[in-house]
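Below, each chain spelled out in residue letters.
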Amino acid sequence: EVQLVESGGGLVQPGRSLKLSCLASGFTFSNYGMNWIRQAPGKGLEWVASISSSSSYIYYADTVKGRFTISRDNAKNTLYLQMTSLRSEDTALYYCARHESSVWYFDFWGPGTMVTVSS
Amino acid sequence: DIRMTQSPASLSASLGETVNIECLASEDIYSDLAWYQQKPGKSPQLLIYNANSLQNGVPSRFSGSGSGTQYSLKINSLQSEDVATYFCQQYNNYHTFGAGTKLELK
């Protein structure tokens, strides 16, 4: 059974940092590109970042470029999102999702981890 | 950046009815379009990819169509389990989602 389980969310003050993790199981993690997508409370979906299967290609949304870093450890089947200089507008449920290497739609999503940026 | 304009924002329909949801892209996205269903408190699930390909396990009452800048999701014979919010997503140039359509039962 395919599973993606995010962790690391919580309450953090503006300007501070937080690192999210996404543990994958039930599929060959190293064969898939991975992504972070977020959803502010009661709002729509916003793509955050993508990383290819071998970490050769990395892309960010303009809203997080320079502040967030996506990475992965294929030996540990884990995806990461290092978030720095957090702002109130980063408050959201953060999902990890996978995509097959040659396509760019997201065929499986985790349940998400909540990040709240507030003083 | 490619903008996705999704309509309607909300929709109320009866069981057995046919429902249509539209997405308009700000430029040609060459059928690089997906549709997702998100039930309350759950993560999104892929329904349709490449504008008209049905994801494995998705009921055949769901279908997608369109090309260029105009795309639509059709749900035939609406079931109670279809109550959800639906999002379109373009993946021709990075990723942009539509604002969503909340589907309720009348």
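These numbers come from a predicted model, not from an experiment. (Residues numbered from 1 in each chain as written. Chains lettered and ligands numbered in written order. Predicted model: local features only at pLDDT ≥ 70, side-chain atom pairs only at ≥ 80, totals over all residues. Heavy atoms only, no water.)

Chemist: Give a description of the overall build of chain A that names residues and reports values.
Modeler: Each helix and strand in chain A was counted, giving zero helices and eleven strands. Starting at the N terminus and walking to the C terminus, you meet the elements of chain A as β-β-β-β-β-β-β-β-β-β-β. Taking the principal axes of the C-alpha coordinates as reference, chain A spans close to 40 × 25 × 25 Å. Among the 119 residues that make up chain A, the fraction classed as buried is 48%. Taking as baseline every contact in chain A between residues at least 6 positions apart, the subset at least 24 positions apart corresponds to 55%. Summing over all exposed atoms, chain A offers an accessible surface of approximately 5,400 Å²; the carbon and sulfur share of this is 48%. Positive and negative side-chain charges of chain A, numbering 10 and 9 respectively, have mean locations separated by a distance of 7 Å. (Helix = DSSP H or I, 4+ residues; strand = E, 2+ residues; numbered from the N terminus. Buried < 20%, exposed > 50% of the residue type's maximum accessible area, 1.4 Å probe, protein only. Contact = heavy atoms within 4.5 Å. Areas by Shrake-Rupley, 256 points an atom, 1.4 Å probe, with all protein chains shown as cover. Lys, Arg positive; Asp, Glu negative; His and termini not counted. Charge placed at Lys NZ, Arg CZ, Asp CG, Glu CD.)

Chemist: Could you give an account of the interface of chain A and chain B, with specific residues and numbers?
Modeler: Chain A puts 18 residues into the contact, and the matching count from chain B is 17 residues. Of the roughly 1,400 Å² buried between chain A and chain B on both sides combined, carbon and sulfur atoms contribute 67%. Between the two partners, chain A and chain B, sit zero salt bridges. There are four residue pairs in polar contact (both at pLDDT 80 or more) connecting chain A and chain B. Those elements giving two or more residues to the side of chain A that touches chain B turn out to be β4 (32–39) and β5 (45–51) of chain A. At four residues, the largest contribution of residues to the side of chain A that touches chain B is made by β5(A). (Buried area = accessible area lost by both parts, 1.4 Å probe. Salt bridge = Lys/Arg side-chain N within 4 Å of Asp/Glu carboxyl O. Polar contact = N/O pair within 3.5 Å; in protein donor to acceptor, adjacent residues only side chain to side chain.)

Chemist: Go over the side chain of H99(A) with me, naming the residues and quoting the values.
Modeler: All names here are of chain A. Locating H99 in the fold gives a position in strand β9 (residues 92–100). One polar contact links H99 to N35, side chain to side chain, over a distance of 2.9 Å. Beyond its immediate chain neighbours, meaning those up to four positions away, H99 contacts Y32, G33, M34, N35, I51, W104, Y105 and F106.

Chemist: Give a detailed account of the packing of aromatic side chains, specifying residues and quantitative values.
Modeler: Residues and elements named next belong to chain A. All told, the structure shown has 14 aromatic pairs over all chains when counted by the stated rule. Centre to centre, the rings of F106 and W109 are 5.8 Å apart; their planes meet at 80°, and the pair counts as edge-to-face. Overall, the relative accessible area of 0% leaves F106 in the buried class. Residue classification places W109 among the buried positions, given a relative accessible area of 4%. Geometry around F29 places R72 over its ring, the cationic atom sitting 4.2 Å from the centre. In this structure, R98 packs its charged tip against the face of F27, placed 4.7 Å from the ring centre. (Phe/Tyr/Trp six-rings, centres within 6.5 Å; stacked < 30°, edge-to-face > 60°. Lys NZ or Arg CZ within 6 Å of the ring centre and 35° of its normal.)

Chemist: Requested: an account of the pattern of salt bridges, with residues and values cited.
Modeler: Tallied over the entire structure, the rule returns eight salt bridges over all chains. The residue D107(A) makes a salt bridge to R98(A) at a minimum N-O spacing of 2.8 Å. D107(A) sits in the buried class, given a relative accessible area of 15%. For E81(B), the salt bridge identified is with R61(B), shortest N-O distance 3.6 Å. In this pair, E81(B) sits in the loop between β8 (70–75) and β9 (84–90) while R61(B) sits in the loop between β6 (53–54) and β7 (62–67), placing the two residues 20 residues apart along the sequence. One continuous salt-bridge network, built from bridges that share partners, spans R38(A), E46(A), R67(A) and D90(A).

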